[in-house]
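# Architecture and fold: a report
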Amino acid sequence: MSVLDKVWHPYMFRNVGEKYCTVLLNQPILDPALAFSLWEKSSYRVTVDGGTSVWAKLINNSNFSIGKEVPDLITGDFDSADKENIEYFKSMGAEVVETMDQDRTDFTKCLDEIGKRCCTANPSDLQRSDNDISAVYAYVENSGRLDQIMANLQTLFLSEEYLGSVSVYLINSESISWLLKPGRHTIHLPQKLVIDNGNEADI
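Anyway, here's the lowdown on the structure attached to this text.

A few words on the state of the cysteines. Inspection of the entire model under this criterion finds zero disulfides. With no disulfide of its own, C110 lies closest to C21 among cysteine sulfurs, the gap being 6.6 Å. C118 takes part in no disulfide bond, and the closest cysteine sulfur to it belongs to C21, at a distance of 5.8 Å. C118 gets classed as buried once you look at its relative accessible area, which sits at 0%.

Here we take up the sheet that holds strand β3 (residues 44-48). One open sheet accounts for seven strands, arranged β5-β4-β3-β2-β6-β7-β8; its pairing is mixed. Across the chains shown, the open sheet's two edge strands, defined by having one partner strand only, are β5 (95-98) and β8 (176-177). Those strands touched by helix α1 (residues 32-41) are β2 (20-24), β3, β6 (135-139) and β7 (167-171), and its axis lies near 140° from that of β2.

Its place among the elements puts E113 in helix α4 (residues 106-118). With 14 residues separating them along the chain, E113 and T99 place their C-alpha atoms 9.2 Å apart. When residues no more than four places from it in sequence are discounted, the contact partners of E113 are L73, T75, V97 and T99.

Now for the packing of aromatic side chains. In this structure the tally under the stated criterion is 11 aromatic pairs. Look at F13 and Y137: their rings are 5.1 Å apart centre to centre, the planes differ by 80°, and that puts the pair in the edge-to-face class. With a gap of 124 residues between them, F13 in the loop between β1 (4-8) and β2 and Y137 in strand β6 connect regions that are remote in the sequence. One exposure class covers both F13 and Y137, and it is buried. Members of the aromatic cluster, connected to one another through ring pairs, are W8, Y11, F13, Y20, Y137, Y169 and W178. Positioned over the ring face of W8 is K6, at 4.9 Å from the centre of the ring.

With that out of the way, let us pick up the packing of α4 against helix α5 (residues 146-163). Orientation of α4 relative to α5, taken along the N-to-C sense of each, is 20°, at an axis distance of 9 Å. Judged by the angle between their axes, α4 and α5 are roughly parallel. In this structure, the crossing between α4 and α5 has a hand that is right-handed. On α5, the residues that touch F107, T108, L111, D112, I114 and G115 of α4 are N152, T155, L158, S159, Y162 and L163. Tallied by class, residues from the contact of α4 with α5 come to six nonpolar, five polar and one charged.

What counts, and where the lines are drawn
Residue numbers run consecutively from 1 along every chain, following the written order of its sequence. Totals for whole chains, interfaces and linings use every residue, but because this is a predicted model, local features are given only for residues with pLDDT of at least 70 and side-chain atom pairs only at 80 or more, for both listing and counting. To get the side-chain values, all heavy atoms of the structure are used, and hydrogens and water are removed first. Two cysteine sulfurs form what is called a disulfide whenever their separation falls within 2.5 Å. Here the term buried applies to any residue with accessible area under 20% of the maximum for its type, exposed to any over 50%, and partly exposed to those in between, with areas from a 1.4 Å probe on protein chains only. Strands are labelled as partners when DSSP assigns at least two bridges between them. Strands are runs of DSSP state E lasting at least two residues, helices are runs of H or I lasting at least four, and both sets are numbered from the N terminus onward. Any two residues having at least one pair of non-hydrogen atoms within 4.5 Å are treated as being in contact. Here the axes come from fitting lines to C-alpha atoms, over the contacting stretch only for helices, and the angles between their N-to-C directions go from 0 to 180 degrees. In this scheme Phe, Tyr and Trp rings, the latter by its six-membered ring, pair at centre separations within 6.5 Å, and the angle between planes marks the pair as stacked below 30 degrees, edge-to-face above 60, and tilted otherwise. Think of it as a cone above the ring: NZ of Lys or CZ of Arg counts as a charge over the ring if it is within 6 Å of the ring centre and within 35 degrees of the ring normal. Each angle is binned into one of four classes, with values under 35 degrees roughly parallel, values over 145 roughly antiparallel, values of 65 to 115 roughly perpendicular, and all other values oblique. Two helices that cross are described as forming a left-handed crossing if the nearer one is turned anticlockwise from the farther one by less than a right angle, and a right-handed crossing if clockwise. When residues are grouped by polarity, Ala, Val, Leu, Ile, Met, Phe, Trp, Tyr, Cys and Pro land in nonpolar, Asp, Glu, Lys and Arg in charged, and all others, Gly among them, in polar.

Written as structure tokens, this is what we have:
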């Protein structure tokens, strides 16, 4: 059995020119500045079901200047999304894909749809698509519901099936989380991080 050798760049979203996807799940956003920063620098932007309404509420009640408010893709079974928000974003150019499969979570189905649009079918193919991404950041707060937390972790286990070698991170106001499968891992972290009070902390 070959040993997995994986390199991680969990803070790559802070760099200019990185190609990644931001996913907003159906959870309140406790750090709007982080959410907006992720969104603005993304090369592809997705809202999942009720996350569409969370995003609509956020941009309608924020003083942040946002260059691109409309998601590239909206997915889900739409049992928790405001239909008016979906129709508005659709009229503004968002692609809307209804995913009715009840055997998978909306988050898992979302990664499936992202993989179809943003990942080269053959990872060794040197002719990479302009849409290809190297990471997915799913903004989701820890809800306090164990079932939702475990479901998100399960999606990390399944992500390789849909995204190949693309890294998937769960990010929120307090942390960045990702899955380390058995093997060798190299994790690149910035020398300094800006903490809540604006000061820099050494790592």
